Amino acid sequence: MTTDRTLIIVGHPNLADSRANAARIAEIENLGNVTVHDLYQNYPDFGIDVAREQQLLREHDTVILQFPLCWYSVTPLVKSWFDVVLNYGFAFTLDGSASELRGKKAWLAVSVGSSLDTYTTEGVARRSLDEYLAPVRQTLEFCQFDYQGVHAVYGMMLNPSEDELILDAKEYGRLVASNGTPVG
Ligand SMILES: Cc1cc2nc3c(=O)[nH]c(=O)nc-3n(C[C@H](O)[C@H](O)[C@H](O)COP(=O)(O)O)c2cc1C
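Residues numbered from 1 in each chain as written. Predicted model: local features only at pLDDT ≥ 70, side-chain atom pairs only at ≥ 80, totals over all residues. Heavy atoms only, no water.

## Some details on the overall build of the chain
Consideration 1: Each helix and strand in the chain was counted, giving 7 helices and 5 strands.
Consideration 2: The helix and strand sequence of the chain, counted from the amino end, reads β-α-β-α-α-β-α-β-α-α-β-α.
Consideration 3: Its C-alpha radius of gyration of 16 Å places the chain within 12% of the 16 Å reference for a compact globule of 184 residues.
Consideration 4: Dimensions of the chain along its principal axes, counting C-alpha atoms only, are 45 × 35 × 35 Å.
Consideration 5: Relative to its full complement of 184 residues, the chain shows a buried share of 47%.
Consideration 6: When contacts within the chain are restricted to residue pairs at least 6 apart in sequence, long-range pairs at least 24 apart make up 77% of them.
Consideration 7: Accessible area for the chain stands at about 9300 Å²; split by element, carbon and sulfur atoms hold 52% of it.
Consideration 8: Measuring between centres, the 14 positive side-chain charges of the chain sit 4 Å from its 24 negative side-chain charges. (Helix = DSSP H or I, 4+ residues; strand = E, 2+ residues; numbered from the N terminus. Rg over C-alpha atoms; globule rule 2.2 N^0.38 Å. Buried < 20%, exposed > 50% of the residue type's maximum accessible area, 1.4 Å probe, protein only. Contact = heavy atoms within 4.5 Å. Areas by Shrake-Rupley, 256 points an atom, 1.4 Å probe, with all protein chains shown as cover. Lys, Arg positive; Asp, Glu negative; His and termini not counted. Charge placed at Lys NZ, Arg CZ, Asp CG, Glu CD.)

## Section: helix H1 (residues 20–28)
Consideration 1: Of the positions making up H1, those classed as buried are Ala20, Asn21, Arg24, Ile25 and Ile28. In an axial view of H1, the angular spread of the buried residues amounts to 125 degrees, which keeps them on one side of the axis.
Consideration 2: Considering only its buried residues, H1 is in contact with strand S1 (6–10), strand S2 (34–38), strand S3 (62–68), strand S4 (105–111), strand S5 (146–153) and helix H7 (162–177). (Arc of directions from axis to C-beta.)

## A few points about the site of the ligand
Consideration 1: If you check the shell around the ligand, you find 17 residues, and the closest are Ser18, Arg19, Asn21, Ser111 and Tyr119.
Consideration 2: Interatomic distance of 2.8 Å between a backbone N/O atom of Trp71 and a nitrogen atom of the ligand.
Consideration 3: Here an oxygen atom of the ligand and a side-chain polar atom of Tyr119 are 2.7 Å apart.
Consideration 4: Considered on its own, the ligand offers 640 Å² of accessible surface; in the complex 73% of this is hidden by protein. (Near = heavy atom within 4 Å. Polar contact = N/O pair within 3.5 Å; in protein donor to acceptor, adjacent residues only side chain to side chain.)

## Re a nonpolar patch on the surface
Consideration 1: A contiguous nonpolar patch, built from Tyr88, Leu94 and Phe142 and spanning about 380 Å² of accessible area, is present on the exposed surface.
Consideration 2: Structurally, the position occupied by Leu94 is in the loop between helix H4 (76–85) and S4.
Consideration 3: On the basis of relative accessible area, Leu94 is assigned to the exposed category, the value being 70%. (Patch = residues over 30% accessible without salt bridge, like charges linked within 9 Å, V, L, I, M, F, W, Y side chains within 5 Å. Salt bridge = Lys/Arg side-chain N within 4 Å of Asp/Glu carboxyl O.)

## Notes on H7
Consideration 1: In a regular helix each residue adds 1.5 Å, so 16 residues correspond to 22 Å; H7 covers 22 Å between its end C-alpha atoms and thus fits that length.
Consideration 2: Of all the positions in H7, only Leu165, Asp168, Ala169, Tyr172, Gly173, Leu175 and Val176 are classed as buried. Along H7, the residues classed as buried sweep out an arc of 160 degrees about the axis, all on the same side. For H7, the exposed residues lying more than 90 degrees away from the buried face are Asp163 and Leu167. (Expected span 1.5 Å × (residues − 1).)

## Thoughts on the packing of aromatic side chains
Consideration 1: This model, assessed by the stated rule, comprises 10 aromatic pairs.
Consideration 2: Here Tyr119 and Tyr132 contribute two aromatic rings whose centre-to-centre distance is 6.0 Å and whose plane-to-plane angle is 85 degrees, an arrangement assigned as edge-to-face. On the criterion of sequence distance, the pair formed by Tyr119 in the loop between S4 and helix H5 (129–132) and Tyr132 in helix H5 is long-range, its members being 13 residues apart. Assigned by exposure class, Tyr119 and Tyr132 land together as buried.
Consideration 3: Here a set of aromatic residues connected by ring pairs shows up, and it is made of Trp71, Tyr72, Tyr119, Tyr132 and Tyr154.
Consideration 4: Above the plane of the ring of Tyr172 lies Arg24, whose end atom (NZ or CZ) is 5.0 Å from the centre. (Phe/Tyr/Trp six-rings, centres within 6.5 Å; stacked < 30°, edge-to-face > 60°. Lys NZ or Arg CZ within 6 Å of the ring centre and 35° of its normal.)

## Description of the packing of H1 against H7
Consideration 1: One can describe the packing of H1 onto H7 by two numbers: an axis separation of 8 Å at closest approach and a directional angle of 45 degrees. Of the possible angle classes, the one that applies to H1 and H7 is oblique. Of the two elements, H1 crosses H7, and the hand of that crossing is right-handed. Across the interface between the two elements, Ala20, Ala23, Arg24, Glu27 and Ile28 from H1 touch Leu165, Asp168, Ala169, Lys170, Tyr172, Gly173 and Val176 from H7.
Consideration 2: Counted by class, the contact of H1 with H7 contains 7 nonpolar, 1 polar and 4 charged residues. (Axes fitted to C-alpha atoms, helices over the stretch in contact; angles between N-to-C directions. Parallel < 35°, antiparallel > 145°, perpendicular 65-115°, else oblique. Left-handed = near helix turned anticlockwise from the far one by under 90°. Nonpolar A, V, L, I, M, F, W, Y, C, P; charged D, E, K, R; others polar.)

Dropping the structure here:
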């Protein structure tokens, strides 16, 4: 059994209307050693408490950023969180000599509207999700997180069944509970 502490930073603008992210949260919110931190609930006006966010990061070993894909990227508050929380001296120095985040594991839990085959060279999106999320990966790696990849659920705009959602949420819960990391 792991004693690693996991911080799940949720960046969904409207969880009341969510299916994928709401199901995922329901699956992990009562797990031990897991802190679920809802950015839009805490900072509806984008007034992020930087000291509090940095303290939360210090107190955890693994950080999961959970968000719905928004115009091929993170949601606006997650981007703002990068902008103000990952600041010089705390998250990086220009010569790479220091970061309070060094060695913490980080991965992304992303829900995607279109289907997986959309995110191929032949598909409408023409690029993979990993390609779209490369700036996020680089941001985390620049801050010396140990980046573990993306755990995605696709096709949310294709009205998946409740069973499909439950399956995805259970897989996510299993991954978080076992302190596992995304495959592929
Ligand atoms: C403003 C906005 C932008 C979106 N951009 C994308 C996108 O770039 N690619 C995509 O596949 N889906 C996109 N979607 C669809 C969402 O990713 C999808 O509805 C969400 O992941 C579903 O998760 P939920 O059930 O937790 O809300 C977008 C949705 C909104 C509202």
